[in-house]
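Now for the letters of each chain:
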2 protein chains.
Amino acid sequence: MTILLDMKGWDPHPWIAAIKRADPERQVVTAVAQENASAIRYAWVWRPRTGILSNLPNLELIVNLGAGVDALLADATIPTHVPIVRALDPNITMRMTEWIVLQVLYHHRHIPAYLEQQRQRIWRALPQPAASAVTVGILGCGALGTSAGVALRHVGFEVIGWSRTAKEETRFKVFAGGDCLPSFLGQTDILVCLLPLTPETRGVLSYGLFRQLKRGGALAGPVLVNAGRGAQQIDADILRALDDGTLWAASLDVFDPEPLALTSQLWAHPRAFVTPHIAADSEPEAMSGYVIKQIRRHEQGLPLDMTVDRGRGY
Amino acid sequence: MTILLDMKGWDPHPWIAAIKRADPERQVVTAVAQENASAIRYAWVWRPRTGILSNLPNLELIVNLGAGVDALLADATIPTHVPIVRALDPNITMRMTEWIVLQVLYHHRHIPAYLEQQRQRIWRALPQPAASAVTVGILGCGALGTSAGVALRHVGFEVIGWSRTAKEETRFKVFAGGDCLPSFLGQTDILVCLLPLTPETRGVLSYGLFRQLKRGGALAGPVLVNAGRGAQQIDADILRALDDGTLWAASLDVFDPEPLALTSQLWAHPRAFVTPHIAADSEPEAMSGYVIKQIRRHEQGLPLDMTVDRGRGY
């Protein structure tokens, strides 16, 4: 019942300690050797080393420590018969909700302009629509998008969503399928992207899409908030759209590649807010408690939350 | 049934147009003359000219267009037998909720530091507690404070409140009365002030109060968010507290006097965010609809929302 932990760019020690607190009997290893390979039943991974999961005869479950499994599915060495679950604990979901609500309000309430006025000691109120006059459109209505949408409604925004497949969602209207995308975009003042990265969503945040957003709304122009994946956005299109007014402003937390290149013009654009992929980081304590619960459900033969469908890619 | 409109610093024309849309038959005047004084039954005011309400023999109701009646009650020429109502429509309440949620998240999610990192093209994640590890304490739990508290809970924060008198509030804990203030402050990471300005609350945001806020919490230190009234805060105490670490950061929308003096050190303090009293401006359309409804209730002999108690001062 050993766990193999392999998380690119993360210090494993807080994770091992947190797993031990959640389940003191559980063995945790961070490397595969001849003597432990057959004991490993569970892999907790984030962008694991290529090939590390390929020779584990008793591997039962792969836990992806985050919402996006695009990196995992791109690795052809991963055995296809082992189920993958996305670990998306309430702690991550709420962190993403915090970030989305903050970025939406940041642009809606003119924070960049007020910071500049403060720097110049200017006392001047700017025209301000109410949140109820602004529609936030959430592209991707899984657990993250739904939580953000509900919180945005409580702050007063109109909220609509778009999803690849139909959703049972009563708290805001969700458009389903590609045919509905133009109507969804045409009603959206602030576009929030929380899509998974799949072949279909690669490069979806393009100039052509930005042009379909609502014009003449309550804000100075459409706003883009991307907390999905960097490969979904075309940086040159964002810059062009910001410069010609197709977009009024953008908040970007994800890039391709990461870190964002030092030479990128996004860093210095006055209406782009760049953050270093921090919208919703996993926290060892909350995440470990959640994943250990999932493993126990698996050991009791119960169904798991958020099993990945390799065919659709998320 | 004429309305007298007198709003310091506001253009009356959008208001007159909005009142006419809400109630086309209603007469609106902006000055008192011998021939109209006896027709005036209602005064819609914001910091009215001293004496303008003193010679209106048939005045039945004074409507204060905003939450704070401190300026109105300080004017001794206003007849004491005429009831005053505070016009606090859902539009204003939600605008204040937007602003409070934004300012709380702004500090919680390190926006000033990330903006500075962007300026320097630094890609670095900062330590980030979850909102659930942070307690927002709302000083003043009337309509505005309650709405903000509920929205902050939906974003994930722990929320507590303090009120002068006991409240029936089930969505978060409200401490009541002066004896409870130290326990309330001792549990508060981010203090939000939405108190009315009364003799008791003048200067309440002092160094002595800041020292009672929670130390050693999940944030780098306590945060102050003031959207009440400028006269509640002692600017020199805020600066001292920011400089010696008693406060980590502050967002201030109100000052005494306003505009904030050009010489104030608050403008340039790196951890003070100064905005020009824009947290929740009245909107003629939404407000006029609301107030006309209140006037109709009055004309039908029904009780009014938010009648001011001159004795307690709000």
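Before reading on, note that the structure itself is shown above.
Keep in mind it's a predicted model, so treat the numbers as computed, not measured.

Student: Can you walk me through the interface of chain B and chain A in this structure?
Tutor: Many structure descriptions define interface size as the accessible area lost when the parts assemble. At the interface, 51 residues of chain B touch 51 residues of chain A. One can count two salt bridges joining chain B with chain A. Of the charged contacts, one joins A:Arg109 and B:Glu98 as a salt bridge, the two residues approaching to 3.1 Å between their closest N and O atoms. Seen at the junction of chain B and chain A, the total is 25 residue pairs in polar contact (both at pLDDT 80 or more). Looking at the side of chain B that touches chain A, the elements that each hand over two or more residues are α3 (90–108), α4 (111–119), α5 (143–154) and β12 (272–274) of chain B. In terms of residue count, α3(B) provides more of the side of chain B that touches chain A than any other element does, 11 residues in total. Grouping the constituent residues of the side of chain B that touches chain A by class yields 31 nonpolar, 13 polar and seven charged.

Student: Looking at this structure, I do not really get the environment of B:Leu262. What am I missing?
Tutor: Within the secondary structure, B:Leu262 sits in the loop between β11 (249–252) and β12. For B:Leu262, a relative accessible area of 58% puts it in the exposed group. Non-local contacts of B:Leu262, meaning those with residues more than four positions away in its chain, are made with A:Arg121 and B:Trp267.

Student: So what exactly am I meant to see when it comes to the relation of the copies chain B and chain A here?
Tutor: Each copy of the sequence occupies a distinct position, and chain B is placed on chain A by a rotation of 180° and an axial shift of 0.0 Å, giving an RMSD of 0.0 Å. Put plainly, the chains are arranged around a two-fold axis. For chain B, the minimum C-alpha distance to the rotation axis belongs to B:Leu102 and amounts to 2.9 Å. Interface overlap between copies is the fraction of interface residues in one copy that are interface residues in the other; for chain B against chain A it reaches 100%, indicating a shared surface.

Student: Explain the packing of helix α3 (residues 90–108) of chain A against α3(B) here, please?
Tutor: It is the contact of α3(A) with α3(B), at a shortest axis distance of 9 Å, that shows an interaxial angle of 120°. Like other packed secondary-structure pairs, α3(A) and α3(B) cross with a definite hand, here left-handed. In this structure, α3(A) uses A:Glu98, A:Val101, A:Leu102, A:Leu105, A:Tyr106 and A:His108 to contact α3(B), whose residues at the interface are B:Glu98, B:Val101, B:Leu102, B:Leu105, B:Tyr106 and B:His108. Residue composition of the contact of α3(A) with α3(B), grouped by class: eight nonpolar, two polar and two charged.

Student: Please explain the sheet that holds strand β4 (residues 61–64) of chain A as it appears in this structure.
Tutor: All names here are of chain A. With respect to topology, five strands assemble into an open sheet ordered β2-β1-β3-β4-β5, the strand pairing being parallel. Looking along the sheet, the strands with just one partner apiece sit at the ends: β2 (28–29) and β5 (84–86). Sheet topology places β4 next to β5; three bridges connect them, and they run parallel. Within β5, the position partnered with Val63 by the bridge is Val85. Helix-sheet contacts for helix α1 (residues 12–22) involve β1 (2–7), β2 and β3 (40–46), and the interaxial angle to β1 is about 150°. Docked against the sheet, helix α9 (residues 284–299) engages β1, β3 and β4, running at close to 145° with respect to β3.

Student: Explanation requested: the side chain of B:Asn226 in the structure shown.
Tutor: Residue and element names in this part refer to chain B. Structurally, the position occupied by Asn226 is in strand β10 (residues 223–226). A polar atom in the side chain of Asn226 sits 2.8 Å from the backbone nitrogen of Gly228. A polar contact is formed between the side chain of Asn226 and the side chain of Gln233, at a distance of 2.7 Å. In this view, Asn226 contacts Trp99, Cys193, Leu205, Gln232, Gln233, Ser251, Leu252, Asp253 and Val254; residues no more than four positions away in its chain are not counted.

Student: For this particular structure, what's the right way to read the environment of A:Pro127?
Tutor: With respect to the helices and strands, the residue A:Pro127 is situated in the loop between α4 (111–119) and β6 (135–139). Expressed as a C-alpha distance, the spacing of A:Pro127 and A:Gly142, which sit 15 residues apart in the sequence, is 34 Å.

Student: Honestly, the state of the cysteines in this entry has me stumped. Any pointers?
Tutor: Note on terminology: a disulfide is the covalent bond linking the sulfur atoms of two cysteines. All names here are of chain B. The final tally for this structure, using the stated rule, is zero disulfides over all chains. Summary of cysteine pairing: Cys141 is not part of a disulfide, and the nearest cysteine sulfur, belonging to Cys193, is at 11 Å. Take Cys141: its relative accessible area is 4%, and that puts it in the buried class. No disulfide involves Cys180; its nearest neighbouring cysteine sulfur is the one of Cys141, lying 12 Å away. Residue classification places Cys180 among the partly exposed residues on the basis of a relative accessible area of 26%.

Each value, and the rule that gives it
Residues numbered from 1 in each chain as written. Chains lettered and ligands numbered in written order. Predicted model: local features only at pLDDT ≥ 70, side-chain atom pairs only at ≥ 80, totals over all residues. Heavy atoms only, no water. Contact = heavy atoms within 4.5 Å. Salt bridge = Lys/Arg side-chain N within 4 Å of Asp/Glu carboxyl O. Polar contact = N/O pair within 3.5 Å; in protein donor to acceptor, adjacent residues only side chain to side chain. Helix = DSSP H or I, 4+ residues; strand = E, 2+ residues; numbered from the N terminus. Nonpolar A, V, L, I, M, F, W, Y, C, P; charged D, E, K, R; others polar. Buried < 20%, exposed > 50% of the residue type's maximum accessible area, 1.4 Å probe, protein only. Least-squares fit on C-alpha atoms with pLDDT ≥ 70 in both. Axes fitted to C-alpha atoms, helices over the stretch in contact; angles between N-to-C directions. Left-handed = near helix turned anticlockwise from the far one by under 90°. Pairing = 2+ DSSP bridges. Disulfide = S-S within 2.5 Å.

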